[in-house]
Amino acid sequence: MTIEALRTRRPEVLADLLERYGREIQGVAYLILRDRSAAEDVVVDTLLTAFERAGSLRDPDALRPWLLRIATNRALGVRRSGSRVVQLHVVPDPGRWTDEDERLTLLAAVDRLPPRTRAAVVLRYYADLPVREVAEAMGTSENTVKTQLSEALRQLRERLDEGSAIREVQHG
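Throughout what follows, the structure given in this document is the object of discussion. (Residues numbered from 1 in each chain as written. Predicted model: local features only at pLDDT ≥ 70, side-chain atom pairs only at ≥ 80, totals over all residues. Heavy atoms only, no water.)

The next point concerns the packing of aromatic side chains. The final tally for this structure, using the stated rule, is 0 aromatic pairs. Sitting above the plane of the tyrosine 30 ring, arginine 36 keeps its charged end 5.2 Å from the centroid. (Phe/Tyr/Trp six-rings, centres within 6.5 Å; stacked < 30°, edge-to-face > 60°. Lys NZ or Arg CZ within 6 Å of the ring centre and 35° of its normal.)

This brings us to the pattern of salt bridges. By the definition in use, this model includes 9 salt bridges. Ionic pairing is found between glutamate 24 and arginine 64, a salt bridge with its closest N-O pair at 2.6 Å. Remark: arginine 64 occurs in helix H4 (residues 63-80) and glutamate 24 occurs in helix H2 (residues 12-33); sequence separation between them is 40 residues. Using a relative accessible area of 26% as the deciding quantity, one classes arginine 64 as partly exposed. A salt bridge links glutamate 136 to arginine 132; its shortest N-O distance comes to 3.0 Å. One end of the pair is glutamate 136 and the other is arginine 132, both in helix H7 (residues 131-138) and 4 residues apart, which spans about a single turn. Of the residues examined, arginine 132 reaches a relative accessible area of 42% and is grouped as partly exposed. Put simply, Arg34, Asp111 and Arg118 are held in one network by salt bridges that share partners. (Salt bridge = Lys/Arg side-chain N within 4 Å of Asp/Glu carboxyl O. Helix = DSSP H or I, 4+ residues; strand = E, 2+ residues; numbered from the N terminus. Buried < 20%, exposed > 50% of the residue type's maximum accessible area, 1.4 Å probe, protein only.)

Attention now moves to the packing of H4 against H7. Put simply, H4 and H7 touch, their axes get as near as 8 Å, and they point 45° apart. Between H4 and H7, the angle falls in the class oblique. Considering the relative orientation of H4 and H7, their crossing is right-handed. Along its contact with H4, which presents Pro65, Arg69, Thr72 and Asn73, the element H7 presents Glu133, Glu136, Ala137 and Met138. (Axes fitted to C-alpha atoms, helices over the stretch in contact; angles between N-to-C directions. Parallel < 35°, antiparallel > 145°, perpendicular 65-115°, else oblique. Left-handed = near helix turned anticlockwise from the far one by under 90°. Contact = heavy atoms within 4.5 Å.)

Purely geometric stuff here, so don't read any function into it on its own.
Okay, structure coming up:
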């Protein structure tokens, strides 16, 4: 798949984009929205937007960060639009904490972050974008992203420490 195929709007390019980037786009959207169906919609919206606006992509090497920026903006837009997500909180048997429980605790802690901060965390640590590209994707400065990440990590550590303390008390 080439950028030229995207720019000339060849329909088969959508399948190529979906295959190469769809899973990652969906992961980013899901971690921001915490709703699988809405994340799938973001994937479709992202690919269609890329298809329509390929002419605005100046650097062919920037395709991945460009797609992730579109997805992030779409996901944040869905959050702002007031769509309702119902969270089902399932608490495992405290005598059987597992790595999966710790993963769920981490996801719950990430879910409690403000949406833009959550987006910065997802793009930096899930999508593994450098801070510069996270800033570009979010339309903000690198210093703002660094501040958001620092604050997010502090909050996550606190929440995970609280979870560990609860597990220790329950095991004791």
